[in-house]
Amino acid sequence: MRYGTGIIAALLLLGGTACGKEAAATKSADSPEAAPVSKAARTPDAAGGATRPARTMTESDRLSLEMADGACNAVDFPSFFRAFSGSWAVREKYTAATVTHGVTGKSTAQPRRRYLDQNDFPVSPMDFEFVTAESAARFETKPGASWRDLSYVRLEFNTANDNRQRIDWLPGIFQKHQAPPPPELEEGLGELVRATGGGGTLLFFPTTTCWELVEDVRNPMPQP
């Protein structure tokens, strides 16, 4: 499937978050999760008249929205997922009215606004891989951080006959982390060596024009 240069540029720019030994000290000031929010900027919360902090739209967010829209038109879920996981603005647009969220066996249906306000989406794109959103946030604020400060995740994409999309994610130690890494490993993470968390499942249902997140369920930590 072919894409225009605008979508390709958006893909490269969105995936180009600083990472690796050479880019350890280069952190994106446009990171959507790290974007500064004015304390005075408040938005009404639909649940009872309270207020919640407004978010700042960045150039990265605008590129992510363009990337997501292009991926929807091209029926390209992997590109859509990269944009979705990399920007709160995309998640605002493509999250269902109700999201099942929580730990396996204890998850509950939550209104869209409540789920989004938790800012708890679990994974984030980093260069050509994915990491936990928590480690990405730490990376953005830690002086001198390197790729070893990130918690990388393995993603498994599964597509149902009706175009529902399920992503199983699992954080862990990969062959890349070994010292030295296997000589045959030229790039990428390599095989998963050991899981470092329970991971979880993300489920997207198709709509008339794209997909929307309907489930974000986490697995309990594995027993030692």
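Here, every reference points to the structure presented above.
Residues numbered from 1 in each chain as written. Predicted model: local features only at pLDDT ≥ 70, side-chain atom pairs only at ≥ 80, totals over all residues. Heavy atoms only, no water.

Engineer: Before we move on, could you go through the side chain of serine 87 and cite the residues and values that matter?
Structural biologist: Summarising the element assignment, serine 87 is placed in the loop between helix 3 (77–86) and helix 4 (88–93). Separated by 2.8 Å, the side chains of serine 87 and aspartate 61 make a polar contact. (Helix = DSSP H or I, 4+ residues; strand = E, 2+ residues; numbered from the N terminus. Polar contact = N/O pair within 3.5 Å; in protein donor to acceptor, adjacent residues only side chain to side chain.)

Engineer: Hey, could you go over the nonpolar core for me, with residue numbers and the actual values?
Structural biologist: Within the largest apolar cluster, 29 residues are counted, with the highest numbers of intra-cluster contacts made by Phe80, Phe81, Phe84, Tyr94, Phe121, Leu202 and Phe204. Elements supplying a minimum of two residues to this core: helix 2 (59–74), helix 3, helix 4, helix 5 (112–117), strand 7 (153–159), strand 8 (165–174), strand 10 (200–206) and strand 11 (211–218). If we skip the residues at most four places from it in the chain, phenylalanine 81 touches Phe121, Val123, Phe130, Leu155, Phe157, Ile167, Leu202 and Phe204. Within the second largest apolar cluster, ten residues are counted, among which are Val131, Ala136, Trp147 and Leu150. (Core = buried A, V, L, I, M, F, W, Y, C linked by side-chain atoms within 4.5 Å. Buried < 20%, exposed > 50% of the residue type's maximum accessible area, 1.4 Å probe, protein only. Contact = heavy atoms within 4.5 Å.)

Engineer: Provide a residue-level description of the pattern of salt bridges, including the pertinent values.
Structural biologist: In total, this model carries twelve salt bridges according to the counting rule given. Its salt-bridge partner being lysine 142, residue aspartate 149 comes within 2.7 Å of it at the nearest N-O pair. Notably, a salt bridge pairs arginine 164 with aspartate 162, separated by 2.9 Å at the nearest N-O pair. Residue class for arginine 164 comes out partly exposed when judged on its relative accessible area of 34%. Through salt bridges with shared partners, a single ionic network connects Glu92, Arg112, Arg113 and Asp117. (Salt bridge = Lys/Arg side-chain N within 4 Å of Asp/Glu carboxyl O.)

Engineer: Give a detailed account of helix 6 (residues 133–141), specifying residues and quantitative values.
Structural biologist: Because an α-helix completes one turn every 3.6 residues, residues spaced three or four positions apart along the sequence face the same direction. Among the residues of helix 6, Ser135, Ala136, Phe139 and Glu140 are the ones counted as buried. Within helix 6, the buried residues cover an arc of 140° as seen down the axis, which keeps them to one side. In helix 6, the exposed residues that point more than 90 degrees away from the buried face are Glu134 and Thr141. Where helix 6 is buried, its residues meet strand 5 (123–126) and strand 6 (129–132). (Arc of directions from axis to C-beta.)

Engineer: Provide a residue-level description of the state of the cysteines, including the pertinent values.
Structural biologist: Here is the idea: a disulfide is a covalent bond, and it sits between the sulfur atoms of two cysteines. Enumeration according to the criterion identifies one disulfide in this entry. Cysteine 72 shares a disulfide with cysteine 210; S-S distance 1.8 Å. The sign of the -60° torsion about the S-S bond sets the cysteine 72-cysteine 210 disulfide as left-handed. Of this pair, cysteine 72 sits in helix 2 while cysteine 210 sits in the loop between strand 10 and strand 11, placing them 138 residues apart in sequence. Its relative accessible area of 8% is what places cysteine 72 among the buried residues. (Disulfide = S-S within 2.5 Å.)

Engineer: Let's hear about the packing of aromatic side chains: which residues, and what values?
Structural biologist: In this structure the tally under the stated criterion is 16 aromatic pairs. Between phenylalanine 81 and phenylalanine 130, the ring centres sit 5.6 Å apart and the planes meet at 40°, which makes this aromatic pair tilted. With a gap of 49 residues between them, phenylalanine 81 in helix 3 and phenylalanine 130 in strand 6 connect regions that are remote in the sequence. Looking at phenylalanine 81, the relative accessible area reads 0%, which means it is buried. Look at phenylalanine 130 and you get buried, because its relative accessible area is 10%. Pairing phenylalanine 84 with phenylalanine 121 gives two aromatic rings, centres 5.3 Å apart and planes at 70°, and the pair type is edge-to-face. Note that phenylalanine 84 is positioned in helix 3 and phenylalanine 121 in the loop between helix 5 and strand 5, a separation of 37 residues in sequence. (Phe/Tyr/Trp six-rings, centres within 6.5 Å; stacked < 30°, edge-to-face > 60°.)

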